[in-house]
Amino acid sequence: EHKPVVIVGAGVSGLALGNFLLREGIDCVVLERRDRDHVERRQRAGVIDTRATRAFRKRGLEDRVVGGAPVQAGLGFRLDGRDRWLELAVEEQLEGRFCPQQVLVRNLITVFEQDGGDLRFGAEVAVEDIDRPRVRLGDGSIIEGDFIAGCDGSHGATRAAVPEDRITHHSHEYGYAWLVVLAEVPAVRPTLLAIHQRGFAAQFGRGPTASRFYLQCPLGDTAEDWPDERIWSELETRFGEPIATRGPIVEKQPMPLRGEVLSPMSHGGLHLLGDAAHIVPPASAKGMNLALYDADALADALVHYYRKDDPSLLDAYSDTRLREVWNYQAFATWFTDTVHDAGDATYRGEFRHRVARADFERLFISGTANRLLGEFIAGLN
Ligand code: APR
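Reading guide: rules and limits
Residues numbered from 1 in each chain as written. Predicted model: local features only at pLDDT ≥ 70, side-chain atom pairs only at ≥ 80, totals over all residues. Buried ≥ 20, exposed ≤ 12 C-beta atoms within 10 Å, placed from the backbone. Helix = DSSP H or I, 4+ residues; strand = E, 2+ residues; numbered from the N terminus. UniProt positions renumbered as here; feature names shortened; annotations may be inferred. Domains from an automatic or database assignment. Contact = placed C-beta atoms within 7 Å. Nonpolar A, V, L, I, M, F, W, Y, C, P; charged D, E, K, R; others polar. Axes fitted to C-alpha atoms, helices over the stretch in contact; angles between N-to-C directions. Left-handed = near helix turned anticlockwise from the far one by under 90°. Core = buried A, V, L, I, M, F, W, Y, C linked by C-beta atoms within 7 Å. Near = placed C-beta within 6 Å. Pairing = 2+ DSSP bridges.

## What to know about helix α3 (residues 50-58)
Thought 1: Along α3, the residues classified as buried are Thr50, Ala52, Thr53, Ala55 and Phe56.
Thought 2: Phi for Gly60, located one or two positions after α3, is positive at around 70°.

In structure tokens:
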């Protein structure tokens, strides 16, 4: 079997790329090892930024796949237990949406299938060759392609198929972790970020009836260290206000905060996208968006290749993407460290704490600093 583009993984990056290619009339197959139910239920990110929204609009997909409330031009903080609203002085209207990842994924699957896309669940891929692209499925069948799009996440088969001497892993440990909590509690405000001496905490709505809570915790903490009662009382301390309703906690998981970039992102006929190529900590809200920018850029490059017989955008894919990925890693380290260090001095000391307070206060004082944050949030720089 031959398919021009073989897309490995039906997460955000694989499904977005599949839909973009389908709209452009480029034949492809999306291969996903898990079943549909698993993929559609996976909860993680929750914000589609302005730039990513426009990428869907550009291909006439915005109304069919992007849902949720519009993002506001501001961020709600609880600073030392008190409300502090940061208005963002953005030059252009923000067009992002609070769209839970599973809603986006479900919509992308529906649209892809409605438009006749070839999407196969339960198809575990092993990569046979990246220079003359060839993959093998669990049942032994082989699919050859002009290209492989590696959209299979940070533990996937495509990045692992690149020989070690052809790829560099750059990684960064932030030195602290989050306890990620999913609870059946409606969010009072769409986003709430607590900066507090006991550590960072946040609440993000995930649809009308659920929220994800994040609690900064030491590396090495386990879910057993955090009984439900401790989670609620720690959230109330850090927010400095009672949680209006305490619903059932359906998931809790510690997650060390880290950044990673694989370089280059292209190898022969293989191009890496999304988490397969880079990880940013969730405080930046850029993981899903970077995956979408990658899909947009690779789709454009493939259109040039197939329609104009011009491989220049494909050849430039890795360099162009990496420039931007590093820009967003820079934003992610700045923003993540600021909101953690501004509250708590125990992880990185009093000096970093005071620097972070200055970084934070500047957002309210300097129009330039404020606009820069707004640009990063929109994805427009
Ligand atoms: N064969 C087929 N599919 C595979 C294989 C394999 N060998 N290995 C992994 N997969 C699938 C996974 O089951 C998963 O559905 O690839 C998919 C990868 O999806 P994601 O991990 O969601 O990665 P990506 O699409 O890059 O999403 C990036 O979205 O989840 C948010 O913020 C998050 O940063 C992340 C972003």
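## Let's talk about the UniProt feature "transmembrane region" (unreviewed entry) in the protein chain
Thought 1: As recorded in UniProt, the sites labelled "transmembrane region" (unreviewed entry) are residues 5-22.
Thought 2: End C-alpha to end C-alpha, residues 5-22 measures 11 Å, and it is 61% helix and 22% strand.

## With respect to the domain arrangement of the protein chain
Thought 1: Under the domain assignment used here, the protein chain contains domain 1 (2-73 + 93-170 + 258-338) and domain 2 (174-257 + 342-368).
Thought 2: With centres defined by C-alpha atoms, the gap from domain 1 to domain 2 works out at 29 Å.
Thought 3: Each side of the interface is counted separately: domain 1 has eleven residues, and domain 2 has 13 residues.
Thought 4: Partitioning the side of domain 1 that touches domain 2 into residue classes produces four nonpolar, five polar and two charged.

## Notes on the packing of α3 against helix α8 (residues 287-308)
Thought 1: Viewed as axis vectors pointing N to C, α3 and α8 meet at an angle of 35°, and their least axial separation amounts to 9 Å. Taken as a pair, α3 and α8 cross one another with a handedness that is left-handed. Seen from α3, the contacting residues are Arg51, Ala52 and Ala55; seen from α8, they are Asn289, Leu292, Tyr293 and Asp296.
Thought 2: In terms of residue class, the contact of α3 with α8 is made up of four nonpolar, one polar and two charged.

## Some words on the UniProt feature "domain: FAD-binding" (unreviewed entry) in the protein chain
Thought 1: UniProt marks residues 4-328 with the feature "domain: FAD-binding" (unreviewed entry), using the numbering shown here.
Thought 2: Regarding residues 4-328, the helix share stands at 31% and the strand share at 32%, and the terminal C-alpha atoms are separated by 31 Å.

## With respect to the nonpolar core
Thought 1: Grouped together as the largest cluster of nonpolar side chains are 112 residues, with contacts concentrated most on Ile7, Val8, Leu17, Ala149, Leu273 and Leu298.
Thought 2: Top element by residues in this core is α8. It accounts for eleven residues.
Thought 3: Of the domains in this structure, domain 1 (2-73 + 93-170 + 258-338) and domain 2 (174-257 + 342-368) are the two that each give at least three residues to this core.

## Considerations on the site of the ligand
Thought 1: Near the ligand there are 28 residues, and of these Gly9, Gly11, Gly153, Gly274 and Gly287 occur at the shortest range.
Thought 2: For the shell around the ligand, the elements supplying multiple residues, two or more each, are α1 (12-23) and α8.

## What about the sheet that holds strand β3 (residues 47-48)?
Thought 1: Sheet architecture is open: three strands sit in the order β3-β7-β4, paired in antiparallel fashion. Whereas interior strands pair on both sides, the edge strands pair on one side only; in this sheet they are β3 and β4 (69-70).
Thought 2: The sheet contact formed by β4 and strand β7 (residues 97-98) spans two bridges and is antiparallel. Looking at the pairing, Ala69 lines up with Phe98 of β7.

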